[in-house]
Every structure is written in structure tokens, then in C-alpha cells.
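Close look at the chain arrangement
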Amino acid sequence: MKKLKILVTYFSQTGNTEKVAKSIYEGCQGEDVDLKPIKEVDPSELKNYELIFLGSGIYASRVNQALANLVSAATELPPKFIFFYTHASKEPYQDGFKVVKRKIGDSSSIIAEFDCCGDNIGVPEAMRNTMLERLPPEKRKEAEEHQNWLKGRPNEEDLLNAKKFAQSLINKL
Ligand SMILES: Cc1cc2nc3c(=O)[nH]c(=O)nc-3n(C[C@H](O)[C@H](O)[C@H](O)COP(=O)(O)O)c2cc1C
């Protein structure tokens, strides 16, 4: 059977989304798949792929601008995109890819999204603790619980989920 031409590309400031990207890449083994940080992708390459996994961390409620820039600069887009992102919040973000979606418009289908938690390692531990200390006791407990729950994410289970997500999607295509 003909192999699917797939690109997994991502922006990752502190490494969490990069881990997820690598797991998605593993899930795509058996296909003709490339893995690249977004800064290494030439916009003219996008047309060579049938499917692109496009990922980023969430920063101030949005994915990094590099994603929209890449899509805008492409001469031709692939038929299918899948978005993935990591975030420190408990709830996923509905609007993180808003600008990217607008840029893609009706040119391609966005066939799925994957999200998982990513530890907020961009904020040094000492600063996080100072922030916790400033909270009133009831809020502090909640914030501490959240911080513990986030620790080390994406963990092995998150990464396995990312891999399985990619595998099951590809099997359906
Ligand atoms: C500057 C900055 C802003 C962030 N803003 C948010 C935010 O608005 N919402 C959120 O859930 N997480 C936020 N985070 C946490 C990141 O989304 C999370 O740690 C993510 O896994 C980072 O991905 P990366 O390691 O691939 O850069 C922020 C992190 C940084 C460093």
C-alpha cells in the first residue's frame, strides 16, 4: 500500500510539545514521515505533504505566532491538518489555534486535535513558590494541588496517548 506523506512540525519553548511531537512521530512509523521544529520548515515544502501535524505550547492563551506565519507563507497547503498542543491549565483551549484556523480557511480540512498538559517549567520553581505563598490559604491549596498534578507532564502515559492518537488516526485514513 502507498505510504502517506506526513510532516510533524512544532514550536516548543520549553520542550513539552517537542516530546509530544516525537511520540506522534513514533505513532506515524510505517508511513513516509518527517519530524521538524517549525523554524526548520520551508513554507514551500508544505505542498509536498498529504497530512501535517502542527503543534505548539499555549502561551498567553494562544499557540505561537510561528504556526500562523508558516501557513500564511505557504504557496499551497496540504489537504489535511491535525493540531496538537500542550498547556498548563486543567481545561483544554478552544481558541488557541484561532488565528491559524483563520489562515487555513477552507483550503484544508482540520481533521483532529490532540491536547495534553505540560508542566509550566518556563516559570522557575522559586518564582512559582513565591506566587503560591501570596495566595489566600483556600486558593493556595488548590494551586498547590494543580502544580503537583502538572509536575513532570507530559508523563509517560500522556506520551503513549499521543502515540496511540496518531496511530489510530492514520489507521482510519
Ligand atoms: C510565557 C508562557 C506563557 C504561558 N501561558 C499559558 C497559558 O496562557 N495557558 C496555559 O494553560 N499555559 C500557559 N503556559 C504553560 C505552557 O503552555 C505549558 O508549559 C506548555 O507545555 C509549554 O510548551 P513547550 O514546553 O512546548 O514550550 C505558558 C508558558 C509560558 C512559558
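Details of the structure are given in the entry above.
First, a word on scope: everything that follows refers to the structure included in this document. Just so it is clear, the structure is predicted and the values come from calculations on it, not from any experiment.

This part is about the site of the ligand. Of all residues adjacent to the ligand, which total 19 residues, the nearest are S12, T14, T17, I58 and Y59. Here N16 contributes a backbone N or O atom positioned 2.8 Å from an oxygen atom of the ligand. Note that an oxygen atom of the ligand is positioned 2.6 Å from one of the side-chain N or O atoms of Y59. Relative to its unbound accessible area of 640 Å², the ligand is 83% covered by the protein chains. Structurally, the ligand is housed in the largest pocket. At the level of secondary structure, the elements contributing two or more residues to the shell around the ligand comprise α1 (16-27) and β4 (80-87). The residue inventory of the shell around the ligand, partitioned by class, reads 5 nonpolar, 13 polar and 1 charged.

Attention now goes to the pattern of salt bridges. Under the counting rule described, the total for this entry stands at 11 salt bridges. For E50, the salt bridge identified is with K2, shortest N-O distance 3.6 Å. Taken as a pair, E50 in the loop between β2 (32-37) and β3 (51-57) and K2 in the segment before β1 (5-11) lie far apart in primary sequence, 48 residues in all. Accessibility expressed as a relative area gives 28% for E50, which makes it partly exposed. We classify K2 as exposed; its relative accessible area is 68%. Linking E144 and R140 is a salt bridge whose minimum nitrogen-to-oxygen distance equals 3.3 Å. With E144 and R140 both in helix α5 (residues 137-150) and 4 residues apart, this pair spans about one turn of that helix. Since its relative accessible area comes to 31%, E144 is described here as partly exposed. By relative accessible area, R140 is classed as partly exposed at 30%. Through salt bridges with shared partners, one network takes in K5, D32 and D34.

The full count for this structure, using the stated rule, is 0 disulfides. C116 forms no disulfide, and the closest cysteine sulfur to it belongs to C117, at a distance of 6.5 Å. Its relative accessible area of 6% is what places C116 among the buried residues.

Turning next to the packing of aromatic side chains. Counting across every chain of the model gives 5 aromatic pairs. Ring geometry for F81 and F83: centres 6.4 Å apart, planes at 45°, overall tilted. For the residue pair F81 and F83, the accessibility class agrees, reading buried in each case. Clustering of aromatic rings is evident, with ring pairs tying together F81, F83, Y85 and F97.

Conventions we followed
Residues numbered from 1 in each chain as written. Predicted model: local features only at pLDDT ≥ 70, side-chain atom pairs only at ≥ 80, totals over all residues. Heavy atoms only, no water. Near = heavy atom within 4 Å. Polar contact = N/O pair within 3.5 Å; in protein donor to acceptor, adjacent residues only side chain to side chain. Areas by Shrake-Rupley, 256 points an atom, 1.4 Å probe, with all protein chains shown as cover. 1 Å grid on protein atoms, 1.4 Å probe; cavity = no way out; pocket = protein on both sides within 12 Å on 5 of 7 lines; lining within 4 Å. Sits in = over half its atoms within 2 Å of the grid points. Helix = DSSP H or I, 4+ residues; strand = E, 2+ residues; numbered from the N terminus. Nonpolar A, V, L, I, M, F, W, Y, C, P; charged D, E, K, R; others polar. Salt bridge = Lys/Arg side-chain N within 4 Å of Asp/Glu carboxyl O. Buried < 20%, exposed > 50% of the residue type's maximum accessible area, 1.4 Å probe, protein only. Disulfide = S-S within 2.5 Å. Phe/Tyr/Trp six-rings, centres within 6.5 Å; stacked < 30°, edge-to-face > 60°.

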